[in-house]
Amino acid sequence: MGLLVFVTILWAFSFSLIGEFLAGRVDSDFAVLTRVVLAALVFLPLTRWRGVPGGLKLGVLVTGMLQFGITYLCLYRSFSYLTVPEVLLFTIFTPLYVTLIDDALYRRFSPVALVAAAIATLGAGIIRYDGLSQGFITGFLLLQVANFTFAAGQVGYKHTMMRFPTEVPAYRTFGYFFFGALIIALPSFLIFGDASRLPTTSLQWGILAWLGLAASGVGLFLWNRGGCHVDAGTLAIMNNALVPAGLIVNLLIWNRDADLLRLCIGGGVIALSLWVNARFHPRARLAVTT
C-alpha cells in the first residue's frame, strides 16, 4: 500500500506537466517513445536474460504493451481534445475496469469490490465534474481505451507474477515490460509521428527526461510491485487517488481554480470506498507474491 501511495504522489505532477508543456507542442508519439526508451534504459542493465520462465517473460512483455504502450499513446492523444481537468475526470472509470478484469480472470463476480470501486468513481466524479469541451467524445473514447489497457496491464502483471513464481528478483524481469511497450511505441512513431514537432526547449527535454526516468521507469515498477501486495479492490481504488492528488498539484503549483469543498467531499468519498472494501471484501488482505 505504501508503494501505491508513493507513486500516486509521484504521478500527481505528470498530468499537469503533459498538459502545460507538452500537449500541442511536442508530438505525442515521440513523447511516448522517449519515455519508453528512457525507462527501458534504466532496466536494461538489470535484466536477467537466462533462467527466467518463458511464460513470465511473455506475460510481463504483454502487460508492458498494454499498460504503457497503448495506454500512453491514447493518453497523450487525449490532451489534444481535453483539458487537464477533463482528462482527470475521464480517468475515474479505471477502478471499474480493474475489478471487472480481475473477476473475469478468476471467473467470479465480487460485488463488494465493484461497489467499492463505484463509490471511488463517484468520489472522483464529485471532485471533477464541471462541464465538457466540444471534442470530449473523441477524448473520452481515447481515455476509455487508455483506462482499460492500464487496468488490464496492472491486473495482468499481478496474475503473471502469481502464475510464474520465481526466485529471480522482480526488478531483474521488469525490463521486459518496457521492451513490450517499445513494440507498440516505436512503430506508432514511425507511422504516425510528426518529426517537425520534436522538443525545442531544454524545459521540454527535461520534462520528458523526468517522465521517462522517474514517472515511468521508477513509478511503473513500484506501482506494479505495490499492486502485487494488495487485493484487486484496493488496487482499483488507489487508481482514483490520483484524481485529488493531481488536482492539488494543479491548485498549488499551476494556480488553477478548484472547488475546495468538492475536493474535500470527493476525497472523503474515496476514503469511504477504501473502508468499505477493507471491511466487507472477502479477499481484502495483503497477498504477497514474488
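In this report, we go over the structure that sits alongside the text.

Definitions and cut-offs
Residues numbered from 1 in each chain as written. Predicted model: local features only at pLDDT ≥ 70, side-chain atom pairs only at ≥ 80, totals over all residues. Heavy atoms only, no water. Helix = DSSP H or I, 4+ residues; strand = E, 2+ residues; numbered from the N terminus. Rg over C-alpha atoms; globule rule 2.2 N^0.38 Å. Contact = heavy atoms within 4.5 Å. Areas by Shrake-Rupley, 256 points an atom, 1.4 Å probe, with all protein chains shown as cover. Axes fitted to C-alpha atoms, helices over the stretch in contact; angles between N-to-C directions. Parallel < 35°, antiparallel > 145°, perpendicular 65-115°, else oblique. Left-handed = near helix turned anticlockwise from the far one by under 90°. 1 Å grid on protein atoms, 1.4 Å probe; cavity = no way out; pocket = protein on both sides within 12 Å on 5 of 7 lines; lining within 4 Å. Points joined across faces, edges and corners; volume = space filled by probe spheres on them. Nonpolar A, V, L, I, M, F, W, Y, C, P; charged D, E, K, R; others polar. Expected span 1.5 Å × (residues − 1). Bend = angle between axes of the 7 residues up to and from the residue. Buried < 20%, exposed > 50% of the residue type's maximum accessible area, 1.4 Å probe, protein only. Patch = residues over 30% accessible without salt bridge, like charges linked within 9 Å, V, L, I, M, F, W, Y side chains within 5 Å. Salt bridge = Lys/Arg side-chain N within 4 Å of Asp/Glu carboxyl O.

Notes on the overall build of the protein chain
Next up, step 1: Scanning the protein chain for helices and strands turns up 13 helices and 0 strands.
Next up, step 2: Start at the N end of the protein chain and walk to the C end: the helices and strands fall as α-α-α-α-α-α-α-α-α-α-α-α-α.
Next up, step 3: The globule rule puts the C-alpha radius of gyration for 290 residues at 19 Å, and the 18 Å found for the protein chain is close to it.
Next up, step 4: Taking the principal axes of the C-alpha coordinates as reference, the protein chain spans close to 45 × 45 × 30 Å.
Next up, step 5: Sequence separation of 24 or more characterises 92% of the internal contacts of the protein chain that already satisfy a separation of 6 or more.
Next up, step 6: Of the accessible surface of the protein chain, which amounts to about 12500 Å², a share of 70% is contributed by carbon and sulfur atoms.

What about the packing of helix 4 (residues 54–78) against helix 8 (residues 136–163)?
Next up, step 1: The geometry of helix 4 relative to helix 8 is characterised by a closest axis approach of 8 Å and an angle of 160° between their N-to-C directions. By the criterion of interaxial angle, the relationship of helix 4 to helix 8 is roughly antiparallel. Viewed along their axes, helix 4 and helix 8 form a crossing whose handedness is left-handed.

Concerning empty space enclosed by the protein
Next up, step 1: In total, this model carries 2 cavities of 30 Å³ or more according to the counting rule given.
Next up, step 2: Reported here for the largest cavity is a volume of approximately 320 Å³.
Next up, step 3: Of all the secondary structure elements, the ones that give two or more residues to the lining of the largest cavity are helix 1 (2–11), helix 2 (14–22), helix 4, helix 8, helix 10 (202–227), helix 11 (232–240) and helix 12 (242–252).
Next up, step 4: Split into classes, the residues belonging to the lining of the largest cavity amount to 13 nonpolar, 8 polar and 1 charged.

As for the environment of Phe179
Next up, step 1: Turning to its location among the elements, Phe179 is positioned in helix 9 (residues 175–192).
Next up, step 2: In sequence terms Phe179 and Gly64 are 115 residues apart; their C-alpha atoms lie 7.3 Å from each other.

Digging into helix 4
An α-helical segment advances 3.6 residues per turn. Residues three or four places apart therefore align on the same side.
Next up, step 1: If you check helix 4, its first and last C-alpha atoms are 35 Å apart, about what 25 residues at 1.5 Å a residue would give, namely 36 Å.
Next up, step 2: Maximal helix bending in helix 4 amounts to about 30°, located at Thr71.

What to know about helix 3 (residues 28–43)
Next up, step 1: Helix length check: helix 3 (16 residues) gives 23 Å between terminal C-alpha atoms against 22 Å at 1.5 Å per residue, within 8%.
Next up, step 2: Burial runs high along helix 3: 12 of the 16 residues are buried.
Next up, step 3: Looking at helix 3, one finds that the buried residues are Ser28, Asp29, Phe30, Ala31, Val32, Leu33, Thr34, Arg35, Val36, Ala39, Ala40 and Phe43.
Next up, step 4: The inward-facing, buried residues of helix 3 abut helix 2, helix 4, helix 9 and helix 10.

Here's the deal with a nonpolar patch on the surface
Next up, step 1: Taken together, Val5, Ile9, Phe13, Trp210, Ile248, Leu252 and Ile253 make up a surface patch of nonpolar side chains, about 620 Å² in accessible area.
Next up, step 2: Those elements that provide at least two residues to the nonpolar patch are helix 1 and helix 12.
Next up, step 3: Structurally, Ile9 can be placed in helix 1.
Next up, step 4: Its relative accessible area of 51% is what places Ile9 among the exposed residues.

Some details on the side chain of Ser28
Next up, step 1: For Ser28, the location among the structural elements is in helix 3.
Next up, step 2: The exposure class of Ser28 is buried, given its relative accessible area of 15%.
Next up, step 3: The residues touching Ser28, leaving out its near neighbours within four places in the chain, are Tyr76 and Arg77.

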